[in-house]
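Take a look at the letters that make up each chain.
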Amino acid sequence: MMKLSIQRKIILGFGLTSSLIILVSSIGYYSAFRLRDTNQKELHAKKVLTKLEKVLAEITDAETGQRGYLLTGKPRYLDPYKKAVDQVKDDIKQLQMLTAKNPDHQKNLERAIPLINQKFAELQQTIHLRNEQGLDAALEIVNTNQGKLLMDQIREIFHQMKAEEERLFQVRSQSTQSTVHTTIWIFSIGLAFDLSLLVFVYSHIYREINQRLQAQDQLRDSESRLTQFLEAIPVGVFVVDHNSIPYYANQTAKKLFGQGLIPTNPTNRLPEIYPIYSPEAEKVYPGNLEPIIQALNGKSSIHDGIEIHQPDKIVPIEVLGTPIFDDKGNVSYAIVVLNDITERQRSESERLRFTGHLNQLNQAFSRFVPGQFLQLLNKETIVDVELGDQVEKEMSVLFSDIRDFTALSEGMTPEENFKFINSYLSRMEPTIIKNKGFIDKYIGDAIMALFSGGADDAVKAGIAMLHQLTEYNRHRANCNYRAIQLGMGINTGTLMLGTVGGYNRMDTTVISDAVNLAARLEGLTKNYGVSLLISHHTFKQLQNPYDYAIRMIDHVKVKGKSELVTVYEIFDADLPEVREAKLDNQDRFALALSLYNQQAYAEALRLFEACLHQNPADQVAQIYQQRCHLNSNTNSV
């Protein structure tokens, strides 16, 4: 009766072990199938993204070729246009096939294809007009902006499709990682349990072997079958007994270690014979942390970030160490499962690369919509911005403009114009950012900048821009280019920041009388022959106005305003001799201006002439000299 009971236990143990191994293998196969399917979906998403970018690039190439032909009339510029026309239809068909199972993409393509056809029709029409009627006729079509509107709509549709594919790619990547982790855990836990059960069965056989010789053949057969199972699984299994003598290693483990079992092995040499390495230190992993040693000490452990060094490569592995105890609670065996995580690390590297690409895209977006603007709207990213978002804020507005830019640009080609504008703006932008401001928009050669920290930031930025202009003019002189001059106006007040436009195309903007007044002040710099003017609103907000070279020059009514505005000149950035002369004349000029406002024109005239005697370049004093003469003559009449 006892004999039959032991046999049943042995048969039940082997059967359970086999079932668990088959179950683990089945789950592993299913997980591998899911992993392959997810990877295929990731590759499909990449193909869609690549094809979207290619179609946009082809349309852009066609437009570039068309513009080049319109401007030059040279047929060679039509090569990219013709190539794009031939290619884009095939690429759109491929895109339709790739997205056939995505109804949203299909709808977007149904919207995009007519727009693309209209875009190419518009390009062909302008080329035909250029051939038949000349550049002016073609430019009439271009200047309608119909082509730009079509291109904006195409980009918006493609950007929606790209965003959807990138989201799907991220979800699938996360699914891949989850599947890999789940598979590893299932294999590790299942194998540890199977091997624990295996050792238990082996110990029963060993105790009963002398009494049950008739069961020896069955035991060997079971052992052979279990070994076949272990050899078939795709992870390394390594077992040592309580004396640290290697007991078993499947083919995967032997391949990873580069050697088989060494039957005699002193305890202290186990890490030396079967070394695993720490990648940070590039040396043998510390013996007291090695999973085998910990398992022999009765502790289960999981380690990753360790390596096996083979002659031709380094294999990163994840190791699960588990002790097996006898009926007295003593460790009889230590089982170690080794999993090659090369592919997992490769997937993680790809995920990090993709994340880095997304970060680059975010940084690129910030070059079009300043981060400060998003902060003022209380938005974390550009994705959060919606049409109609707005906020009321007291800020300082700076307008700057290049004097006589039209005349200057007429002597340059379009390419030279762009190079000049970018050379100038790239020197002005850092000074604005350094003084805690940001550029709201470029209007040709003009700059509109906003400062939320205080009026002093705006004034300091204006002075710094003028100093930077002096350096830039030295560079232009070295290149035999004519010097340029700037006019700047700064005003402070309450304004509204927000988004305007439509749902398919919107822009950030600032709306307020304070903005309009800043622009009017910039225009007044031409009248007074000065570089930088501020309003009394800005003057009152300065922490200490007399830290600057400043003087009041007039009370004026600007265009579109009924109330008087007091205008101040900031001349810190004037030439040293001019600045010093204005400072020396400051009290005299202020008194002369006061007398002028009291209509004491004769006394004011003498003081203004005294200012001009000391500083003939003071154009404001010249203006008031002429006004005094005119008013004196008028009073005489």
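1. A look at the overall build of the protein
Here comes step 1: Along its length, the protein carries 20 helices and 15 strands.
Here comes step 2: Out of the 637 residues in the protein, the part that is buried amounts to 45%.
Here comes step 3: Sequence separation of 24 or more characterises 63% of the internal contacts of the protein that already satisfy a separation of 6 or more.
Here comes step 4: Accessible area for the protein stands at about 34,800 Å²; split by element, carbon and sulfur atoms hold 52% of it.

2. Observations regarding the environment of Tyr624
Here comes step 1: Topologically, Tyr624 is positioned in helix H20 (residues 619–636).
Here comes step 2: Exposure remark for Tyr624: the relative accessible area of 0% places this residue in the buried category.
Here comes step 3: Separated by 31 residues in the primary sequence, Tyr624 and Leu593 place their C-alpha atoms 8.2 Å from one another.
Here comes step 4: Once residues lying within four places of it in the same chain are set aside, the contact partners of Tyr624 are Ile553, Asp554, Leu593, Tyr596 and Phe608.

3. Points about the pairing of strand S7 (residues 331–340)
Here comes step 1: Buried residues dominate S7, accounting for nine of its ten residues.
Here comes step 2: The pairing of strand S6 (residues 314–325) with S7 spans nine bridges and is antiparallel. Looking at the pairing, Val319 lines up with Leu338 of S7.
Here comes step 3: Between S6 and S7, which pair antiparallel in sequence order, lie five residues; one of them, Gly329, sits at a positive phi of approximately 85 degrees.

4. Looking at the nonpolar core
Here comes step 1: By size, the foremost hydrophobic cluster in this structure holds 36 residues, and its most contacted members are Tyr424 and Ile534.
Here comes step 2: The element that contributes the greatest number of residues to this core is helix H14 (residues 455–478), accounting for nine residues.

5. Details of the confidence of the model for the protein
Here comes step 1: Averaged over every residue, the pLDDT of the protein is 78; the share at 70 or more is 75%.
Here comes step 2: Element-level pLDDT for the protein is lowest in helix H11 (residues 371–376), with a mean of 56, against a maximum mean of 96 in strand S13 (residues 532–535).

6. Remarks on the packing of helix H2 (residues 79–98) against helix H3 (residues 103–132)
Here comes step 1: Where H2 contacts H3, the axes come no closer than 12 Å and their chain directions differ by 170 degrees. Classified by the interaxial angle, the pair formed by H2 and H3 is roughly antiparallel. Residue-level contacts link Tyr81, Ala84, Val85, Val88, Ile92, Leu95 and Gln96 of H2 to Gln106, Leu109, Ile113, Ile116, Phe120, Leu123, Gln124 and Ile127 of H3.
Here comes step 2: Here the residues of the contact of H2 with H3 are counted per class, giving twelve nonpolar, three polar and no charged.

7. Description of the packing of aromatic side chains
Here comes step 1: On inspection of all chains with the given rule, the structure shows eight aromatic pairs.
Here comes step 2: The interplanar angle of 0 degrees and the centroid separation of 4.1 Å between the aromatic rings of Phe539 and Tyr568 together place this pair among those described as stacked. One end of the pair, Phe539, is in helix H16 (residues 536–541); the other, Tyr568, is in strand S15 (residues 565–570), and 29 residues separate them in sequence.
Here comes step 3: Residue Phe539 is classed as buried on the basis of its relative accessible area of 16%.
Here comes step 4: Residue Tyr568 is classed as buried on the basis of its relative accessible area of 12%.
Here comes step 5: Seen from their ring centres, Phe589 and Tyr624 are 6.4 Å apart, and the 80 degrees between their planes marks the pair as edge-to-face. Taken together, the residues Phe589 in helix H18 (residues 586–597) and Tyr624 in helix H20 connect sequence positions 35 residues apart.
Here comes step 6: Residue Phe589 is classed as buried on the basis of its relative accessible area of 1%.
Here comes step 7: Through a chain of ring-to-ring contacts, three or more aromatic side chains come together here, namely Phe589, Tyr596, Tyr601, Phe608 and Tyr624.
Here comes step 8: Here the basic side chain of Arg551 rests over the ring of Phe589, its NZ or CZ set 4.3 Å away from the ring centre.

8. Brief notes about H18
Here comes step 1: Look at H18: 17 Å from first C-alpha to last across twelve residues, which is about the 16 Å you get at 1.5 Å a residue.
Here comes step 2: Of all the positions in H18, only Phe589, Ala592, Leu593, Leu595 and Tyr596 are classed as buried. For H18, the angular spread of the buried residues around the axis is 160 degrees, confining them to a single face.

9. Digging into the pattern of salt bridges
Close approach of charged atoms allows side chains with opposite charge to pair.
Here comes step 1: All chains considered together, the criterion is met by ten salt bridges.
Here comes step 2: Put simply, Glu415 and Lys419 hold a salt bridge, and the shortest N to O gap is 3.5 Å. Here Lys419 and Glu415 lie together in helix H13 (residues 414–434), a separation of four residues that amounts to about one turn. Grouping residues by exposure puts Glu415 and Lys419 together as exposed.
Here comes step 3: A salt bridge links Asp440 to Lys441; the nearest nitrogen and oxygen atoms lie 2.4 Å apart.
Here comes step 4: Accessibility expressed as a relative area gives 8% for Asp440, which makes it buried.
Here comes step 5: Within the structure, one salt-bridge network assembled from shared partners comprises Arg551, Glu569, Asp574, Lys582 and Asp618.

10. So, a nonpolar patch on the surface
Here comes step 1: A surface patch of nonpolar side chains, amounting to about 320 Å² of accessible area, comprises Trp185, Ile189 and Ile302.
Here comes step 2: Assignment of secondary structure puts Ile302 in strand S5 (residues 301–309).

11. Looking at the side chain of Thr492
Here comes step 1: With respect to the helices and strands, Thr492 occurs in strand S11 (residues 486–501).
Here comes step 2: We classify Thr492 as buried; its relative accessible area is 9%.
Here comes step 3: A distance of 2.7 Å separates a polar atom in the side chain of Thr492 from a polar atom in the side chain of Ser396.
Here comes step 4: A distance of 2.9 Å separates a polar atom in the side chain of Thr492 from a polar atom in the side chain of Thr538.
Here comes step 5: Leaving out residues up to four positions away in the same chain, Thr492 has contacts with Glu394, Met395, Ser396, Ala455, Ser535, His537, Thr538 and Gln541.

Parameters at a glance
Position labels on residues start from 1 in each chain and follow its written sequence. Where totals are concerned, whole chains, interfaces and linings use all residues; where local detail is concerned, this predicted model gives features only for residues with pLDDT of at least 70, and gives and counts side-chain atom pairs only at 80 or more. For the side-chain quantities, the full set of heavy atoms in the structure was used; hydrogens and water were omitted. Put simply, DSSP marks the helices as runs of H or I at least four residues long and the strands as runs of E at least two long, and each gets a number from the N terminus on. Exposure classes here rest on a 1.4 Å probe applied to the protein chains alone. A residue is buried below 20% of its type maximum, exposed above 50%, and partly exposed in between. Note on contacts: a residue pair qualifies if any of its non-hydrogen atoms lie within 4.5 Å across the two residues. Accessibility throughout is a Shrake-Rupley quantity obtained with a 1.4 Å probe, and a residue counts as covered only by protein chains that appear here. Should DSSP find at least two bridges between two strands, the strands are taken to pair. Definition of nonpolar core: a set of buried residues of the types Ala, Val, Leu, Ile, Met, Phe, Trp, Tyr and Cys, connected through side-chain atoms within 4.5 Å. Scored from 0 to 100, pLDDT records how confident the predictor is in each individual residue. For every element, the axis is a line fit to its C-alpha atoms; helices are fit only across the contacting stretch, and the angle between N-to-C directions ranges from 0 to 180 degrees. Each angle gets one of four labels, with under 35 degrees taken as roughly parallel, over 145 as roughly antiparallel, 65 to 115 as roughly perpendicular, and the rest as oblique. Throughout, the ten residues Ala, Val, Leu, Ile, Met, Phe, Trp, Tyr, Cys and Pro are labelled nonpolar, Asp, Glu, Lys and Arg are labelled charged, and all others, Gly among them, are labelled polar. Geometry of aromatic contacts follows a simple scheme: Phe, Tyr and Trp rings, the Trp one being its six-membered ring, pair when their centres are within 6.5 Å, and the pair is stacked under 30 degrees between planes, edge-to-face over 60, tilted otherwise. A positively charged side chain is recorded as over a ring if its NZ (Lys) or CZ (Arg) lies within 6 Å of the ring centre. The angle to the ring normal must also be within 35 degrees. To estimate the expected span of a helix, subtract one from its residue number and multiply by 1.5 Å. The arc under discussion is defined with respect to the helix axis, by the directions toward the C-beta atoms. By convention in these notes, a salt bridge is any Lys or Arg side-chain nitrogen within 4 Å of a carboxyl oxygen on Asp or Glu. What makes a patch is a set of residues exposed beyond 30% relative accessible area and free of salt bridges, joined within 9 Å when like-charged and within 5 Å when nonpolar (Val, Leu, Ile, Met, Phe, Trp, Tyr). Under the rule applied, a polar contact is a pair of N or O atoms within 3.5 Å (in protein, one hydrogen donor and one hydrogen acceptor; residues adjacent in sequence only if both atoms are side-chain atoms).

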